[in-house]
Amino acid sequence: MAPARRRVLYYAHQHGAGHLRHAAGLASTGAFDVTVVTAHPRAAELLPADVPVIPLPSDLVPGHEQPARSPLHWSPVGPEIRARFDALHAAARRVDPDVCVVDVSVEAALFLRLAGWPVLHRRMHGERTDPAHALVYAEADGLFAHYAAELEVPAWRAAHADRVTYLGVADVTGRLGTRATTTSSAGAAPRVAVIAGTGGGGVRAADLARAASAVPEATWEVYGPIAGVGEPEAPGGLAAEAMPATVTLHGWVQAPARRAADADVVVVSAGHNAVVDAARSGRPVVLAPEPRPFDEQRVFVREIHRAAGVPWCAWEDPDADWAGAVRGAAFRGRIFYNVTQDMAIAPAIAALGTGALAAAVSFQHCAAARRVSDFELECVLAHFPDAL
């Protein structure tokens, strides 16, 4: 008789779709019985049909302002919050998990830990040295990150190296070990694909126009939300006719990452899944961080630039060198990153191509021959046996 699979309760934050994608990746390994608990309104749509979803009430309480004295991020009072934590506790009692994976919430992680369940908490980039993060990092039974150790903030890595597993990214397409290339012939106008993030308000029209104007020889195919088009009075807005003729706005499309393979350069937000999708396209990449809590995308591009020289431009920066970033990515074909991992614990992907392919430079698995996904919980559990 085959041994019973470990039960996992996966808390997925409701902001954006990335947290649910990681939950789906874990479920796809077939190694665990995964139940997702989340307040995301589209969770059932975004997750595979065979993954159970337990809905949570939202924690949004209009008018609440977190006291400056509080060591937590968000602790309003009221019936909405009582209902939310009643539901979270009921979910944990129903699943009786071997481990709870929290992606991400300080308050949810602390609640589950205080209720007696082992907790693995996701580490993300950003300015996360505040008391709330320090508390959850100390109380969690283990920490994991979806990027290579080389891309960690050095001081944070030194402080937590014995408690964090850097999972990196799984090479599910077989492209991550190949050099990035362009598609156009020499002398042809480069084609730029812009993939705007879905976790925020989108790229502002005026910022996009400024970037495109800096590289007038390129055509810009834009996928995702662009804020303020046809709204010149809005912050960052722009009259529709003022958008450069080289820009085509496609809006929302199915699987925008597939469009990246048709471009010469991919401009993409610095969110985890966006970077991974761009890296898998095999095209040179320019990272464009968007505003996020704790400045996570800015910190990520700063660290990947430090580690690998990856080009990046902030949309809102009027002095950003878009011409240098796009032209450099398209024409230099430079290899930015070459790293070797300890082969006893992980395969290594070396000599990666231009740009954000460096973000996917390696992935860590306890058993490389097993089926892989973006997230391998078994590796974390193996590092933290006391959590079970």
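Everything quoted here is computed from the prediction, not taken from an experiment.

Asks: Explanation requested: the sheet that holds strand β3 (residues 53-55) in the structure shown.
Replies: Where strands meet in a sheet, backbone hydrogen bonds hold them as pairs that are either parallel or antiparallel. Strand order in this open sheet of 7 strands is β3-β2-β1-β4-β5-β6-β7, and the pairing throughout is parallel. Of all strands in the sheet, those with a lone pairing partner are β3 and β7 (164-166), marking the two edges. Across the sheet, the mean angle from the axis of one strand to that of its neighbour is 25°, orientation sign disregarded. Two strands pair when backbone bridges link them, and strand β1 (residues 6-12) and strand β4 (residues 99-103) are joined in this way by 5 bridges, in the parallel orientation. Across the sheet, Tyr-11 pairs through a bridge with Val-102, a residue of β4. Against the sheet, helix α1 (residues 18-28) touches β1, β2 (32-38), β4 and β5 (119-122), its axis set at about 170° to β1. Sheet contacts for helix α3 (residues 79-95): β1, β2 and β3; angle to β1, the most-contacted strand, approximately 165°.

Asks: Would you take a moment to explain the sheet that holds strand β10 (residues 219-223) for this structure?
Replies: Within the open sheet, the 5 strands sit side by side as β12-β10-β8-β13-β14. Their pairing is parallel. This sheet does not close on itself; its edge strands, each paired only once, are β12 (247-251) and β14 (285-287). Neighbour-to-neighbour, the strand axes of this sheet turn through a mean angle of 20°, independent of strand direction. Inspection of the sheet shows strand β13 (residues 265-268) paired to β14 by 3 bridges, in the parallel sense. By the bridge assignment, Val-267 is partnered in β14 with Val-286.

Asks: What exactly am I supposed to notice about unusual backbone geometry here?
Replies: When glycine is set aside, most residues are seen to have a negative phi, and most peptide bonds are trans. Omega for the peptide link from Asp-103 to Val-104 comes to -10°, which places this bond in the cis form. Along the polypeptide, Val-104 turns up in the loop between β4 and α4 (106-114). One non-glycine residue, Asp-96, lies in the positive phi region at around 50°. Its location among the elements puts Asp-96 in the loop between α3 and β4. A positive phi angle, close to 60°, is found at Phe-294, a residue other than glycine.

Asks: What exactly am I supposed to notice about the packing of α3 against α4 here?
Replies: Each packed pair of helices is defined by two parameters, the angle between the axes and the distance between the axes. Between α3 and α4, the shortest axis-to-axis distance is 11 Å and the interhelical angle comes to 50°. Judged by the inter-axis angle, α3 sits oblique to α4. Considering how the two elements wind past one another, α3 and α4 form a crossing that is right-handed. From α3, Phe-85, Leu-88, His-89 and Ala-92 reach across to α4, where they touch Glu-107, Ala-108, Phe-111 and Leu-112. Broken down by class, the residue content of the contact of α3 with α4 amounts to 6 nonpolar, 1 polar and 1 charged.

Definitions and limits used
Here the residue numbers are simple positions, counted from 1 along each chain's written sequence. Residue-level local features of this predicted model are given only where pLDDT is at least 70; pairs of side-chain atoms are given and counted only at 80 or more, and the full residue set underlies all totals for whole chains, interfaces and linings. The basis for every side-chain value is the complete set of non-hydrogen atoms in the structure, without hydrogens or water. The pairing criterion for strands is at least two bridges between them, as found by DSSP. By definition, any uninterrupted DSSP run of H or I lasting at least four residues is a helix, any uninterrupted run of E lasting at least two residues is a strand, and each is numbered from the N terminus. To get an axis, a line is fitted to the C-alpha atoms, and for a helix only the part in contact is used. The angle between two axes follows their N-to-C directions and goes from 0 to 180 degrees. In what follows, a contact means two residues having at least one pair of non-hydrogen atoms within 4.5 Å. An angle counts as roughly parallel when it lies under 35 degrees, as roughly antiparallel when it exceeds 145, as roughly perpendicular when it falls between 65 and 115, and as oblique in every other case. Crossing handedness: left-handed means the near helix sits turned counterclockwise from the far one by under a right angle, and right-handed means the same turn made clockwise. Polar here means any residue other than Ala, Val, Leu, Ile, Met, Phe, Trp, Tyr, Cys and Pro, which are nonpolar, and Asp, Glu, Lys and Arg, which are charged; Gly is therefore polar.

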